[in-house]
Amino acid sequence: NLVECGKNMTLDSMISQDSPLMKVEVICLILLFYVYYSKPLFAKVRDHFNIKSEGKLFRLFMLLHNLALCLFSLWVTINTWPLLVNYTKIHGYKALLVDKDFWISFEYWAIVFYVSKFYEFFDSWILVLKGKDPSYLQVYHHFGVVVAMWLACKNHSNWLIFMVALNSFIHTLM
């Protein structure tokens, strides 16, 4: 039952294989909302509250949003690069890709990164609040990344460490 999924949700419950965000029906509903319903909803919010991109409150929101993304990326970078480098030094590159023991130490960070992809929907919604349309590429990039991350996490794909470590490092610099 989807209603039950939302009850008693904590950060720890979100960052596990048992998370509601790991259930295919929940992901489908979220992606359906994101692609088809969120743009008109955020346009109504913008118009109702007369949100202007040059307003002080909106600029503060943008600053906090960008700061949160930067700090999050730094946190993930600091925690995933040592996993990647140390494991590869000790066991080698091939072992990193196939060793099930590596997933045990990496799973938390893979799922944290996966959950963060939902937060990145705000990039599209911010454009709508500014009165602009998110591009087709941006919307479906965010859609595709959620699906790819979900599949990789569900299948305990060790190669994901490269995507998580590199992407979080690049986003820290951006």
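Residues numbered from 1 in each chain as written. Predicted model: local features only at pLDDT ≥ 70, side-chain atom pairs only at ≥ 80, totals over all residues. Heavy atoms only, no water.

J.: Explain the overall build of the protein here, please?
T.: In terms of helices and strands, the protein carries nine helices and zero strands. The secondary structure elements of the protein, listed N-terminal to C-terminal, are α-α-α-α-α-α-α-α-α. Within the protein, the proportion of its 174 residues that are buried is 37%. Within the structure as shown, the protein displays about 10,600 Å² of accessible surface, and the carbon and sulfur contribution to it stands at 67%. Of the charged side chains in the protein, 15 are positive and 12 negative; the average position of the first set lies 8 Å away from that of the second. (Helix = DSSP H or I, 4+ residues; strand = E, 2+ residues; numbered from the N terminus. Buried < 20%, exposed > 50% of the residue type's maximum accessible area, 1.4 Å probe, protein only. Areas by Shrake-Rupley, 256 points an atom, 1.4 Å probe, with all protein chains shown as cover. Lys, Arg positive; Asp, Glu negative; His and termini not counted. Charge placed at Lys NZ, Arg CZ, Asp CG, Glu CD.)

J.: What's the story with the packing of helix H4 (residues 56–91) against helix H7 (residues 121–129) in this structure? I'm lost.
T.: Helix packing for two helices is described by the angle between their axes and how far apart those axes are. Relative orientation of the contacting elements H4 and H7 amounts to 165°, with a least axis distance of 12 Å. The angle between H4 and H7 places the two elements in the roughly antiparallel class. In the crossing of H4 with H7, the sense of the turn from one axis to the other is left-handed. Contacts between H4 and H7 involve Phe-58, Phe-61, Met-62, His-65 and Leu-69 on the former and, on the latter, Phe-122, Asp-123, Ile-126 and Leu-129. When grouped by side-chain class, the residues that make up the contact of H4 with H7 number seven nonpolar, one polar and one charged. (Axes fitted to C-alpha atoms, helices over the stretch in contact; angles between N-to-C directions. Parallel < 35°, antiparallel > 145°, perpendicular 65-115°, else oblique. Left-handed = near helix turned anticlockwise from the far one by under 90°. Contact = heavy atoms within 4.5 Å. Nonpolar A, V, L, I, M, F, W, Y, C, P; charged D, E, K, R; others polar.)

J.: What is the right way to look at the environment of Met-62 in this model?
T.: Secondary-structure assignment places Met-62 in helix H4. Linking Met-62 and Phe-72, residues ten residues apart in sequence, is a C-alpha distance of 15 Å.

J.: It is not clear to me how the confidence of the model for the protein should be interpreted in this structure. Could you clarify?
T.: Atomic detail in the predicted coordinates should be set aside for any region of low pLDDT. The pLDDT averaged across the protein works out to 89; a share of 91% of its residues lies at or above 70. The low-confidence segment residues 1–11 (pLDDT under 50) makes nine contacts with residues lying over four places distant or belonging to another chain. (pLDDT = per-residue confidence, 0-100.)

J.: Which parts of the structure should I look at to understand the pattern of salt bridges?
T.: If charged atoms from side chains of opposite charge come close, those side chains can pair. Taken as a whole, this structure holds three salt bridges when the rule is applied. Linking Asp-133 and Lys-39 is a salt bridge whose minimum nitrogen-to-oxygen distance equals 2.8 Å. On the criterion of sequence distance, the pair formed by Asp-133 in the loop between H7 and helix H8 (136–154) and Lys-39 in helix H3 (residues 24–48) is long-range, its members being 94 residues apart. In this structure, the salt-bridge partner of Asp-47 is Arg-46, at a minimum N-O distance of 3.1 Å. We classify Asp-47 as exposed; its relative accessible area is 54%. Taking the relative accessible area as the measure of exposure, Arg-46 reaches 18% and is therefore buried. (Salt bridge = Lys/Arg side-chain N within 4 Å of Asp/Glu carboxyl O.)

J.: Before we go on, may I ask you to explain the nonpolar core in this structure?
T.: As a rule of thumb, nonpolar side chains are buried together in soluble globular proteins. Counting 43 residues, the largest nonpolar core has Phe-106, Tyr-114 and Leu-160 as the members making the most contacts within it. Those elements that provide at least two residues to this core are H3, H4, helix H6 (100–119), H7, H8 and helix H9 (160–173). In terms of residue count, the dominant contributor to this core is H6 (eleven residues). Discounting residues that sit within four places of it in the chain, Phe-106 has contacts with Thr-80, Leu-83, Ser-157, Asn-158, Leu-160, Ile-161 and Val-164. (Core = buried A, V, L, I, M, F, W, Y, C linked by side-chain atoms within 4.5 Å.)

J.: Just checking my understanding: could you explain a nonpolar patch on the surface for this structure?
T.: A contiguous nonpolar patch, built from Leu-29, Leu-32, Phe-33, Tyr-36, Tyr-37, Leu-41, Val-45, Phe-49, Tyr-136 and Tyr-140 and spanning about 1,000 Å² of accessible area, is present on the exposed surface. Here the nonpolar patch takes seven residues from H3, the largest share from any one element. Mapped onto the elements, Leu-41 comes out in helix H3. (Patch = residues over 30% accessible without salt bridge, like charges linked within 9 Å, V, L, I, M, F, W, Y side chains within 5 Å.)

J.: Teacher, can you tell me more about the packing of aromatic side chains here?
T.: Where two aromatic rings form a pair, the distance of their centres and the angle of their planes describe that pair. Across all of its chains, the model carries 19 aromatic pairs by this definition. Aromatic side chains Trp-103 and Phe-106 sit 5.6 Å apart centroid to centroid with 85° between the ring planes, which places their arrangement in the edge-to-face category. With Trp-103 and Phe-106 both in helix H6 and three residues apart, this pair spans about one turn of that helix. Since its relative accessible area comes to 0%, Phe-106 is described here as buried. An aromatic cluster of three or more residues is present, and its members are Phe-33, Tyr-34, Phe-42, Tyr-114, Phe-118, Tyr-119, Phe-121, Phe-122 and Trp-125. Above the face of the Phe-113 ring, Lys-117 is positioned so that its terminal group lies 4.1 Å from the ring centre. (Phe/Tyr/Trp six-rings, centres within 6.5 Å; stacked < 30°, edge-to-face > 60°. Lys NZ or Arg CZ within 6 Å of the ring centre and 35° of its normal.)

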